[in-house]
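A closer look at the structure
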Amino acid sequence: METTPKKGIQGLIENWQSDLIAAVSVALIALPLSLGIALAAGAPAMSGIISAIVGGVVTTLYRGGHISVNGPAKGVIGVILLGIVLMDDGSGQAFNYVLAAVVVSGAIQMLLGLLKLGRLADIFHSSVIHGLLAAIGIIIFAKQIHVAMGTHSDSPSIIQNLIDAVVYLPQANPFVLIISLTGLLLLLFHSKISNRFFHILPTPMWVIILSIPFVYIFNFFDQHSLSFLGKAYEVGPNLLLDIPDNIMDSIMHPNFGKIATIEFWTTVISILIITSIESLAIAKAIDKIDPYKRKTDLNKDLTGIGLSTVVAGLIGGLPIIAVIIRSTVNIHNGAKTKWSNMYQGLLLLLFIVVFSPIMTQVPLCAFAILLVYTGFKLASPAVFKQAYYQGTEQLIFFVSTMVLTLYTNLLIGLLGGLLLALVSHLLLARVSIPRFFKMVYNSGSNLVKQPDGRYDLNIKGIANFLGILKVDRLVSQIPSGADVNIDLSGTRLVGITYMDYLVDYLKMQKNTGAEVVIRGLDSHVSSSTHNRALKISLYSSVAKLSPRQIRLQNLANEKDYQFTSQIDWDTTYLRNFHFFQIRPIERKLNCLNGIYKDLNVSWEIADVTFSEGAAFTAETFNTTLMVLKLNKKIPIFTMEKEGVLENIFDKVMAFTGYKDIDFKMYPDFSKKFLIMGNEESEIRSFFSDDIVRFFENHQIYHLESNGEALIIFDKIKLARTDETVAFINYGKELATLLDIKKT
């Protein structure tokens, strides 16, 4: 790994070029999305740009993060819409009242950071938060689908907005719909376009750019009617983005006239909770993909974001948070320090000044389809599937929070979801209410330092979201780099949010070189096989092996392999492979180990859980893979079945400098496989005639080298026992061939 970039001015001087290059890509994404987010929130379009500029410039000057990007994000849409509806008194000052709520929420956020209360976000149940964000996704979709269709729904009900989208579909403006569908097709298939020209700009910019020719073709600049299938439809300037020629004309100021009302404080608290939780969760997600493994000071970050939110609210901007999509793009484009965030803010200012005349030619439906796509992803079937995978009870919490939010508001949805989770935990624990809270807050959990320097963290009682701050105080006493044994055998109930906390701590401590073990869950039962699912210990039951685990155990006994069904949280070695550098890996289990004795090559086959995406939109996958540890140095490369790059080895590879290497002497091989790597000459030397013929004549696997070992897997699924045997035979043949090549 490269040396960690320096901080402050020295970091700016040494890394300005890489930070600036990354900032260009981020700004190109932020420009259309910031405008779209503001429009979706019912705010003036320029309020999104103001927020993005302030998030870039002001937040950089005081922040706890290293490489995240700040600005408006989809999470603020729901809270701004809520505030405008609650405080609309017909005076035309509704958004100004909301700006006042933004300023106050930012000031409280600063105070929370200064009081070092950043960890408060951890106490909110994760499934409830996901349900809240799914509701926000549906709100975004329900509001923006009408803009994308050229229809209008007057109903204040989100559910009715969705119904109206279906009812009004026959009345959709076809000239608006053509632009929206073109944008949607771009969003869906842009990554699959092989022409490099289309990858110069990010997808949102292509959606905006390619919408402009339609504006000229249909002449949206003049109010008139166009005929389609014998029916006339109105088009005109009202369908175009309206922004002032001068950015100074966009500045608005807060109106504190509603500060004594319940509506004002409902808006303040809603903004505060949503922005704080999302910012802190995203900050932790970004830490996981930071190539230098730096950690965000969550309290300082909360203070910096609060300060920026105050500034943004004073001049007409939206609340500011850390933005996962832009931060991910920032990292993958080579940004190294916090100054990339400032560059993207300044570039946005430049872009909006230079491109302002062009932006007024962009149809509103182009921004709407970007938000429709985003809203769908927040509440897609995959999100429900993920909640169900984590346990039946998590799906109940998720759906209940979502429905309650849609029928009331964000604050009631959040509080109602938390109350449901708490009552469910109380019923599942089967203890009285006083005893339940005693087992949460006075459980006898303790931290013991052993003579050898190892720490034993003994957790007892009810380990749910209410107890996270307590365990956090214990964990804060453990020095960095110390080995830790976390014992959960004394718990009656362990919630998913509590497990999220422990696993995050485990990963953080392991990154310092420590050994961390979580044990004591063998007698706990769960409604899901997910490693973080809610677990209850009511009886002294012993965990039973599944039929598949029994077959693997029998295979190990028959062939003299080693097998363990226990979860192994130590996945450090797997992170040496590029596939898992960009996909956070959770755990491995059902580990089968052996040695090809005549070759002295060791191997391991394990079920691995990893996530694709980050923070609230991450999706969890399971696969069975083989690690083949060779006794020789080999080039670093990846080999994938041709044509599935976007499905398994996504376009992030393009940012790593990896090159697609073709072997013209082996046309069939080149047609079957995509080989990527940096050291082309070494890779070509490695793929000798015998190696090429081997791969041509065998099962096509995904295969990747880290320079001393290979990981091999077939599909993103768990392997059957016969497929596991095939893995072993395949690995032996390949290892034998490489051993012959070595000699």
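Some details on helix H15 (residues 381-389)
Along H15, the residues that are buried comprise Val383, Gln386 and Ala387. One side of H15 holds all its buried residues, which, seen down the axis, span an arc of 100°. Turned more than 90 degrees off the buried face of H15, the exposed positions are Pro381, Lys385 and Tyr388. If you follow the buried residues of H15, they end up packed against helix H14 (364-378), helix H16 (392-407) and strand E13 (619-629). Residue Gly391 follows H15 closely and has a positive phi angle near 135°.

Re the packing of helix H5 (residues 126-149) against H14
Look at H5 against H14: their axes get within 7 Å of each other, and the N-to-C directions meet at 150°. By the angle between their directions, the pair H5 and H14 is classed as roughly antiparallel. Judged by the sense of rotation from one axis to the other, the crossing of H5 with H14 is left-handed. For the pair formed by H5 and H14, the contact residues are Leu133, Ala134, Gly137, Ile138, Ile140, Phe141, Gln144, Ile145, Val147 and Ala148 on the first element and Leu364, Cys365, Ala368, Ile369, Leu371, Val372, Gly375, Phe376 and Leu378 on the second. Across the contact of H5 with H14, the residue classes tally to 16 nonpolar, three polar and no charged.

Regarding the pairing of E13
In this sheet, E13 lies alongside strand E12 (residues 601-612) in antiparallel orientation, the contact comprising eleven bridges. Residue pairing across strands places Ala606 opposite Leu625, the latter belonging to E13.

Concerning the environment of Thr360
Tracing the sequence through the fold places Thr360 in the loop between helix H13 (339-359) and H14. The class of Thr360 is partly exposed, set by a relative accessible area of 24%. For the pair Thr360 and Ile243, spaced 117 residues apart in the sequence, the C-alpha separation amounts to 6.6 Å. Those residues within four positions of Thr360 in sequence are excluded, and the remaining contacts are Leu240, Leu241 and Ile243.

Details of the pairing of strand E6 (residues 455-463)
Burial of E6 is extensive: eight of the nine residues sit out of reach of the surface. Pairing of strand E5 (residues 446-449) with E6, which is carried by four bridges, proceeds in the antiparallel orientation. Bridge pairing in E6 links Asn446 to Asn458. Hairpin remark: E5 followed by E6, antiparallel, with five residues in the connecting loop; positive phi at Gly453, about 95°. Where the polypeptide runs from E6 across helix H19 (residues 468-475) and back to strand E7 (residues 484-494), its parallel neighbour, the crossover connection is right-handed.

A closer look at the layout of surface pockets
Reported here for the second largest pocket is a volume of approximately 1100 Å³. Lining the second largest pocket we find 39 residues, and of these Thr529, Ser565, Ile567, Arg587 and Leu589 sit closest to its centre. For the lining of the second largest pocket, the elements supplying multiple residues, two or more each, are strand E8 (516-519), helix H21 (547-559) and strand E11 (585-596). Classifying every residue of the lining of the second largest pocket gives 13 nonpolar, 15 polar and eleven charged.

Structural notes on the packing of aromatic side chains
We describe a pair of aromatic rings using the distance from one ring centre to the other and the angle between the two ring planes. Applying the stated criterion across every chain yields a total of 31 aromatic pairs. Their ring planes at 80° and their centres at 5.0 Å tell us that Phe384 and Phe398 sit as a pair that is edge-to-face. You can see Phe384 sitting in helix H15 and its partner Phe398 sitting in helix H16, a full 14 residues away along the chain. Taking the relative accessible area as the measure of exposure, Phe384 reaches 26% and is therefore partly exposed. Judged by relative accessible area, Phe398 falls into the buried class, the value being 1%. Here the aromatic residues Phe637, Phe663, Phe669, Phe673, Phe686, Phe687, Phe694, Phe695, Tyr701, Phe727 and Tyr730 are joined through ring pairs into a cluster of three or more. Lying over the aromatic face of Tyr62, Lys300 brings its terminal NZ or CZ to 5.3 Å of the ring centre. Positioned above the aromatic ring of Phe663 is the side chain of Arg684, whose terminal nitrogen or guanidinium carbon lies 5.1 Å from the ring centre.

Conventions used here
Residues numbered from 1 in each chain as written. Predicted model: local features only at pLDDT ≥ 70, side-chain atom pairs only at ≥ 80, totals over all residues. Heavy atoms only, no water. Buried < 20%, exposed > 50% of the residue type's maximum accessible area, 1.4 Å probe, protein only. Helix = DSSP H or I, 4+ residues; strand = E, 2+ residues; numbered from the N terminus. Arc of directions from axis to C-beta. Contact = heavy atoms within 4.5 Å. Axes fitted to C-alpha atoms, helices over the stretch in contact; angles between N-to-C directions. Parallel < 35°, antiparallel > 145°, perpendicular 65-115°, else oblique. Left-handed = near helix turned anticlockwise from the far one by under 90°. Nonpolar A, V, L, I, M, F, W, Y, C, P; charged D, E, K, R; others polar. Pairing = 2+ DSSP bridges. Right-handed = clockwise from strand over helix to strand, strands pointing away. 1 Å grid on protein atoms, 1.4 Å probe; cavity = no way out; pocket = protein on both sides within 12 Å on 5 of 7 lines; lining within 4 Å. Points joined across faces, edges and corners; volume = space filled by probe spheres on them. Phe/Tyr/Trp six-rings, centres within 6.5 Å; stacked < 30°, edge-to-face > 60°. Lys NZ or Arg CZ within 6 Å of the ring centre and 35° of its normal.

Geometry only, nothing functional implied.
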